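# Results of the structural survey
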Amino acid sequence: MSGKKKGEKKQVYFDYNLLFIIVFLLCFGLVMLYSSSSYISANKFGDSTHYLKLQIRNIAVGMVPMLFFAKINYRRWRNLGTFAYLVSLILCLLVLFPIPFLVRSSHGQARWLNLGPFSFQPSEFAKIAVILFLAMIIEKIPKQMAKFSSVLKVGVFLLPLLGVVAYGNLSTAIIIFGIAVCMLFVASPRYAQFIGVGLVGVVGAACFIMFAGYRAGRVEAWLDPENAGDAGFQTRQALYAIGSGKLFGKGLGQSLQKMGNIPEIQNDMIFSVICEELGLFGAVCVILLYMLMLWRMMVIANNAKDLYGALLMTGIMSHMAIQVVLNIAVVTNTIPNTGVTLPFISYGGTSLVFLMSEMGLALSVSKGIRLETME
């Protein structure tokens, strides 16, 4: 039967389940951030709530673009994909030049641009720019994605950005590459061709590791952290925290490894504190919560009213999944150590703001779903 039945009414959908998960993760993140950083904050800044206050500020700032993107129809960004990509490429290039008062370095790597009282990490913007760019291109040529040549052409467009980002931040380049592969994989009906793409990615990452001494040192620390000296110190301490947590943990706020033993514990290594204080049970609950979030995103993608919305959700879902897996894999020494935050829980400014912006886009796509109801 075609056409609209009498008494049938279209109702706008909004995924409150996804919104609730986001808010819950943010609140849980504040609790764990305070627990993990209070000792360091008190010793370093004389205020045990230093990082907590900054994170509350970051969340408040991130709420603005999140609500903005959620309110605006996501189709309005359809023609801005190329612009976003070019802007991200230019900003990432600026970071490579030691411009006084503009470029800021941390841990020997120049990754931030100073914008007055705030600092901005262009590689985080590059993630969302790639999602917008690929969604725009794939929507215009969906039938051509069956050809491997078309997939390669789209991939070639991303090489300049991937090269620039990988030069100073390999972990972010891996995430961007993973997002691109997932979006192209979903858009292409021929899956076998992606075996070659995956091999190219592995070879490329291996080459970057070989030609960068500190990355090669991280691989050595991964293979044998007990005998890697200072290079394996962070990994060893994180594993000690995970092991001491056992099944139900030592209790909230009772971590011993947070007492200055684990560098960057409020950032990349916060999952180790979750394991120590809440145990295996708490760690599994956090992982299940992320899985629930990914499931809600998949539901939105499957029910999006157009291909562009489905592709946006695919990119956002891929970004979230890859970043969570990489962070947990690093903390558990499954892969070599690299700087990747745990979404919505780790301390971070630029990363959190752009993650919340992506969630706003996801909520906007969910509003495009129409429910048929009977009166």
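Placed above this text is the structure.
On a predicted model such as this, the values are computed, not experimentally measured, just so you know.

### Structural notes on the overall build of the protein chain
- Looking only at helices and strands, the protein chain features 12 helices and 5 strands.
- For the protein chain, the proportion of its 375 residues judged to be buried stands at 51%.
- Across the protein chain, the fraction of contacts at a sequence separation of at least 24, relative to all contacts at a separation of at least 6, is 74%.
- Carbon and sulfur atoms make up 68% of the accessible area of the protein chain, which totals about 18000 Å².

### Let's talk about the packing of aromatic side chains
- Counting across every chain of the model gives 13 aromatic pairs.
- Summarising the aromatic geometry, the rings of Tyr51 and Tyr347 are spaced 5.1 Å apart at their centres and angled 70° between planes, so their arrangement reads as edge-to-face. Taken together, the residues span a long stretch of sequence, with Tyr51 in helix 2 (residues 50–71) and Tyr347 in the loop between helix 11 (307–331) and helix 12 (350–367) at a distance of 296 residues.
- A residue is classified by how much of its surface remains accessible, and Tyr347, at 17% relative accessible area, is buried.
- Seen from the ring of Trp295, Arg296 lies directly overhead, with NZ or CZ sitting 4.8 Å from the centre.

### Here's the deal with the packing of helix 4 (residues 122–140) against helix 11
- At a minimum axis distance of 9 Å, the contact between helix 4 and helix 11 shows a crossing angle of 145°. Handedness of the crossing formed by helix 4 with helix 11: right-handed. In this structure, helix 4 uses Lys127, Ile131, Leu132, Ala135, Met136, Ile138 and Glu139 to contact helix 11, whose residues at the interface are Leu307, Tyr308, Leu311, Leu312, Gly315, Ile316, His319 and Gln323.
- Of the residues contributing to the contact of helix 4 with helix 11, the split by class is 10 nonpolar, 3 polar and 2 charged.

### Some thoughts on the side chain of Thr341
- Mapped onto the elements of the fold, Thr341 is located in the loop between helix 11 and helix 12.
- Residue Thr341 is classed as buried on the basis of its relative accessible area, which comes to 17%.
- Within the structure, Thr341 has its side chain in polar contact with the side chain of Gln323 (distance 3.0 Å).
- There is a polar contact of 3.3 Å between the side chain of Thr341 and the side chain of Ser351.

### Focus on the environment of Leu96
- Relative to the elements of secondary structure, Leu96 occurs in the loop between helix 3 (81–95) and strand 2 (103–106).
- Take Leu96: its relative accessible area is 35%, and that puts it in the partly exposed class.
- Spatially, the C-alpha atoms of Leu96 and Val165 are 9.3 Å apart, while their sequence positions differ by 69 residues.
- Not counting residues within four places of it along the chain, the set of residues in contact with Leu96 comprises Val164 and Tyr167.

### Considerations on helix 6 (residues 170–187)
- Here helix 6 contains 18 residues, and its C-alpha end-to-end distance of 26 Å stays within 8% of the 26 Å for a straight helix at 1.5 Å per residue.
- Along helix 6, the residues that are buried comprise Leu170, Ser171, Thr172, Ala173, Ile175, Ile176, Gly178, Ile179, Ala180, Met183, Leu184 and Ala187.

### Observations concerning the pattern of salt bridges
- Under the criterion given, the structure shown has 8 salt bridges.
- Here Lys127 and Glu124 are joined by a salt bridge, their closest N and O atoms 3.1 Å apart. Here the residue Lys127 and the residue Glu124 both occupy positions in helix 4, the gap between them amounting to 3 residues, near one helical turn. For the pair formed by Lys127 and Glu124, the shared burial category is buried.
- Its salt-bridge partner being Glu276, residue Lys250 comes within 3.0 Å of it at the nearest N-O pair. Of the two residues, Lys250 is situated in the loop between helix 9 (233–245) and helix 10 (270–303) and Glu276 in helix 10; the sequence distance between them amounts to 26 residues.
- In this structure Lys250 comes out as partly exposed when scored by relative accessible area, which is 34%.
- Several salt bridges converge on common partners, so that one network encompasses Arg75, Arg78, Glu139 and Asp306.

### Quick word on a nonpolar patch on the surface
- Residues Leu247, Phe248, Leu280, Phe281, Val284, Ile287, Leu288 and Met291 make up a contiguous nonpolar surface patch of about 780 Å² in total accessible area.
- Residue classification places Met291 among the partly exposed positions, given a relative accessible area of 49%.

### Here's the deal with the environment of Ile322
- By secondary structure assignment, the location of Ile322 is in helix 11.
- With a relative accessible area of 18%, Ile322 lands in the buried category.
- Between the alpha carbons of Ile322 and Val340 there is a distance of 10.0 Å; along the sequence they are 18 residues apart.
- Setting aside chain neighbours within four positions, we find Ile322 in contact with Ile175, Gly178 and Ile179.

### Considerations on the nonpolar core
- With 105 residues, the main nonpolar core has Leu134, Met293, Met297, Phe344 and Ile345 as its most contacted residues.
- Sorting elements by how many residues they give to this core places helix 11 first, with 14 residues.

### Some thoughts on unusual backbone geometry
- In the Ramachandran plot, Lys246 falls in the positive-phi region, its phi being about 55° despite a non-glycine side chain.
- Locating Lys246 in the fold gives a position in the loop between helix 9 and helix 10.
- Within the chain, Phe344 stands out as a residue other than glycine whose phi angle is a positive 70°.

The rules behind these values
- Residues numbered from 1 in each chain as written.
- Predicted model: local features only at pLDDT ≥ 70, side-chain atom pairs only at ≥ 80, totals over all residues.
- Heavy atoms only, no water.
- Helix = DSSP H or I, 4+ residues; strand = E, 2+ residues; numbered from the N terminus.
- Buried < 20%, exposed > 50% of the residue type's maximum accessible area, 1.4 Å probe, protein only.
- Contact = heavy atoms within 4.5 Å.
- Areas by Shrake-Rupley, 256 points an atom, 1.4 Å probe, with all protein chains shown as cover.
- Phe/Tyr/Trp six-rings, centres within 6.5 Å; stacked < 30°, edge-to-face > 60°.
- Lys NZ or Arg CZ within 6 Å of the ring centre and 35° of its normal.
- Axes fitted to C-alpha atoms, helices over the stretch in contact; angles between N-to-C directions.
- Left-handed = near helix turned anticlockwise from the far one by under 90°.
- Nonpolar A, V, L, I, M, F, W, Y, C, P; charged D, E, K, R; others polar.
- Polar contact = N/O pair within 3.5 Å; in protein donor to acceptor, adjacent residues only side chain to side chain.
- Expected span 1.5 Å × (residues − 1).
- Salt bridge = Lys/Arg side-chain N within 4 Å of Asp/Glu carboxyl O.
- Patch = residues over 30% accessible without salt bridge, like charges linked within 9 Å, V, L, I, M, F, W, Y side chains within 5 Å.
- Core = buried A, V, L, I, M, F, W, Y, C linked by side-chain atoms within 4.5 Å.

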